[in-house]
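Listed below, chain by chain, are the residues.
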Amino acid sequence: MILQVTAKFAIMFITVQYNVTQTLDDRPEPSVHYQYGPKDIATVFFYLLIAVILHALIQEYVLDKINRRLHLSKTKHSKFNESGQLAAFYLFSFVWGCSILTAEEFVTNPTFLWEGYPHTHMAFQVKFFYICQIAYWFHALPELYFQKVRKEDIPRQLYYICLYIFHITGAYVLNLHRLGLVLLVPHYLVELLFHASRLFYFSDENKQKGFTLWALLFVIARLLTLTLSVLTFGFGLSRTDNQGFSLAQGNFNVLTVRMTCLSAICLTQAWMMWKFINFQLKKWREQSQIQASKKKAVSPKIKPSKKDSSRGGSANGVMKPDDKTSPRARKSKAS
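Remember, it's a predicted structure, so these values are computed and weren't measured experimentally.

Undergrad: Please give an account of the overall build of the chain that cites residues and values.
TA: Counting its regular elements, the chain contains 10 helices and six strands. Counting the 335 residues in the chain, one finds 37% classified as buried. Here the analysis covers contacts within the chain between residues at least 6 apart in sequence; of these, 71% occur between residues at least 24 apart. Accessible surface, the chain: about 21,700 Å² in total, of which carbon and sulfur atoms supply 65%.

See below:
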């Protein structure tokens, strides 16, 4: 940025590209919007490096200090670091997403999700939000090596990292950023609650109330995602006037693309529900085993039977000799 020769190339990495100035009828002042293009790859790469640096700062100055106090095992240590990083990211993204939804009025009018498609023009906050989202999930791939994640945890993390990259990039490229933003915000809220609950659980295993609230919101978020997706792809986009496929105009409103997007979302939600059900069943089995072990540990007191009490030569608490003669009488007879 300092040298004039390299500034034109450096600015491509730092600032958001493809700005378009528009003059609307209801606003006399011109407004600046943005489109996407190949130069966004350079911007994503730059903010990927920023995400790596922020990841290291959170790990060094926050999570490692807490880990030293808790003295966690290797397995819990790895999950604690994962939840700490994701909770910070989900909190930041949720607050940022809510501010965009409030400013753009996406929530007040559901038809805004498909009216005027293709939505080739984005506000600065919307485009920068998607650039940061794509950069963060791409940065998570090298972090698997930097964080020395266990081999057992790598496939699980790769699954959800690739799913995030696939869905967020797909919404960005197919000009479905309005629907993608509306679906991401409640999803991030649910994930934030889960990882925050897991952090509290690692600090104190008795703190498990957050998982109950997370389970309820998880199901609601899945139903909301399916409802909005079916409403947008099945009813909204299929009834718009601008039907067709055009790369130049950014229009992908054809039956094949709509059904592919809807199928991808439905399959992802079904996979998440399958994982959720298995998690709840595993948790229920663990709790049942713990309760069974506690019942075995507390054994009932065994009361002596009447036969055992009578064998000892006692009746009603009074000791009785075996025969009618006393020991002194037997001794005198023997003498």
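Undergrad: Which residues make up the packing of aromatic side chains, and what values do they have?
TA: With the rule as written, the count across this model stands at 34 aromatic pairs. Between the aromatic rings of Y47 and F128, the centroid separation amounts to 5.3 Å while the plane-to-plane angle is 80 degrees, which identifies the pairing as edge-to-face. One end of the pair, Y47, is in helix 2 (residues 40-70); the other, F128, is in helix 4 (residues 124-146), and 81 residues separate them in sequence. For the pair Y47 and F128, a shared accessibility class is recorded, and that class is buried. Aromatic ring contacts, followed pair by pair, group Y34, Y36, F46, Y47, F92, W96, F124, F128, F129, Y130 and Y172 into a single cluster. Against the face of F112 rests R178, its NZ or CZ located 3.8 Å from the ring centre. A cation over a ring is seen here: R222 above F218, with NZ or CZ 4.7 Å from the ring centre.

Undergrad: Pulling in residues and values, what's your account of the pattern of salt bridges?
TA: Enumeration according to the criterion identifies four salt bridges in this entry. Between E82 and R198 there is a salt bridge, and its shortest N-O distance comes to 3.5 Å. Placement of E82 in helix 3 (residues 74-104) and of R198 in helix 6 (residues 177-203) is noted, with a sequence separation of 116 residues between them. You can call E82 buried: its relative accessible area is 9%. With relative accessibility at 11%, the residue R198 sits in the buried group.

Undergrad: Could you give an account of a nonpolar patch on the surface, with specific residues and numbers?
TA: Taken together, the side chains of I50, I53, L54, L57, Y61, V62 and I66 define a hydrophobic patch exposed on the protein surface, amounting to about 620 Å² of accessible area. Relative to the elements of secondary structure, V62 occurs in helix 2. Among the residues examined, V62 registers a relative accessible area of 41% and is labelled partly exposed.

Undergrad: Provide a residue-level description of the packing of helix 3 against helix 4, including the pertinent values.
TA: Interaxial distance between helix 3 and helix 4 falls to 11 Å at its minimum, and their mutual angle equals 165 degrees. Taken together, the axis directions place helix 3 and helix 4 in an arrangement best described as roughly antiparallel. In this structure, helix 3 crosses over helix 4, and the sense of that crossing is left-handed. Contacts between helix 3 and helix 4 involve Q85, L86, F89, Y90, S93, W96, G97, I100 and E104 on the former and, on the latter, Q125, V126, F128, F129, C132, Q133, Y136 and W137. Class assignment for the residues of the contact of helix 3 with helix 4 results in 11 nonpolar, five polar and one charged.

Undergrad: Requested: an account of helix 4, with residues and values cited.
TA: In a regular helix each residue adds 1.5 Å, so 23 residues correspond to 33 Å; helix 4 covers 32 Å between its end C-alpha atoms and thus fits that length. Residue A140 marks the point of greatest curvature in helix 4, where the axis turns by about 30 degrees; the proline P142 follows within four residues. Just downstream of helix 4, K148 is the residue with a positive phi angle, here 55 degrees.

Undergrad: Let's hear about the packing of helix 2 against helix 4: which residues, and what values?
TA: In the contact formed by helix 2 and helix 4, the axes pass within 7 Å of each other and the chain directions differ by 55 degrees. In terms of their interaxial angle, helix 2 and helix 4 are classed as oblique. The handedness of the crossing between helix 2 and helix 4 comes out as right-handed. Residue-level inspection shows D40, T43, V44, Y47, L48, A51, V52 and H55 of helix 2 in contact with helix 4, the latter providing K127, F128, I131, I134, A135, Y136, F138, H139, E143 and F146. Here the contact of helix 2 with helix 4 is composed, by residue class, of 12 nonpolar, three polar and three charged.

Undergrad: Just give me the short version of the nonpolar core, but keep the residues and values in it.
TA: Counting residues in hydrophobic clusters, the biggest one holds 56 residues, and the most contacted among them are Y90, Y130, W137, I168, L176, Y188 and F233. If you tally residues by element for this core, the top one is helix 4, at 11 residues. Setting aside chain neighbours within four positions, we find L176 in contact with Y117, Y130, A171, F233, L237 and C261. By size, the runner-up hydrophobic cluster in this structure holds 10 residues, among which are V190, A215, F218 and M272.

Undergrad: Explain unusual backbone geometry to me, and be specific about the residues and the numbers.
TA: Leave glycine aside and you will find that most residues have negative phi; peptide bonds, for their part, are mostly trans. Put simply, Y117 and P118 share a cis peptide bond, and its omega is 10 degrees. Take P118: it is sitting in the loop between helix 3 and helix 4. Residues other than glycine seldom take positive phi values, yet H71 does so here, at roughly 55 degrees. Inspection of the secondary structure puts H71 in the loop between helix 2 and helix 3. Its relative accessible area of 67% is what places H71 among the exposed residues.

Undergrad: Help me get a handle on helix 7 (residues 209-236), residues and values and all.
TA: If you check helix 7, its first and last C-alpha atoms are 39 Å apart, about what 28 residues at 1.5 Å a residue would give, namely 40 Å. Contacts from the buried residues of helix 7 go to helix 6 and helix 8 (255-297).

About the criteria used
Residues numbered from 1 in each chain as written. Predicted model: local features only at pLDDT ≥ 70, side-chain atom pairs only at ≥ 80, totals over all residues. Heavy atoms only, no water. Helix = DSSP H or I, 4+ residues; strand = E, 2+ residues; numbered from the N terminus. Buried < 20%, exposed > 50% of the residue type's maximum accessible area, 1.4 Å probe, protein only. Contact = heavy atoms within 4.5 Å. Areas by Shrake-Rupley, 256 points an atom, 1.4 Å probe, with all protein chains shown as cover. Phe/Tyr/Trp six-rings, centres within 6.5 Å; stacked < 30°, edge-to-face > 60°. Lys NZ or Arg CZ within 6 Å of the ring centre and 35° of its normal. Salt bridge = Lys/Arg side-chain N within 4 Å of Asp/Glu carboxyl O. Patch = residues over 30% accessible without salt bridge, like charges linked within 9 Å, V, L, I, M, F, W, Y side chains within 5 Å. Axes fitted to C-alpha atoms, helices over the stretch in contact; angles between N-to-C directions. Parallel < 35°, antiparallel > 145°, perpendicular 65-115°, else oblique. Left-handed = near helix turned anticlockwise from the far one by under 90°. Nonpolar A, V, L, I, M, F, W, Y, C, P; charged D, E, K, R; others polar. Expected span 1.5 Å × (residues − 1). Bend = angle between axes of the 7 residues up to and from the residue. Core = buried A, V, L, I, M, F, W, Y, C linked by side-chain atoms within 4.5 Å.

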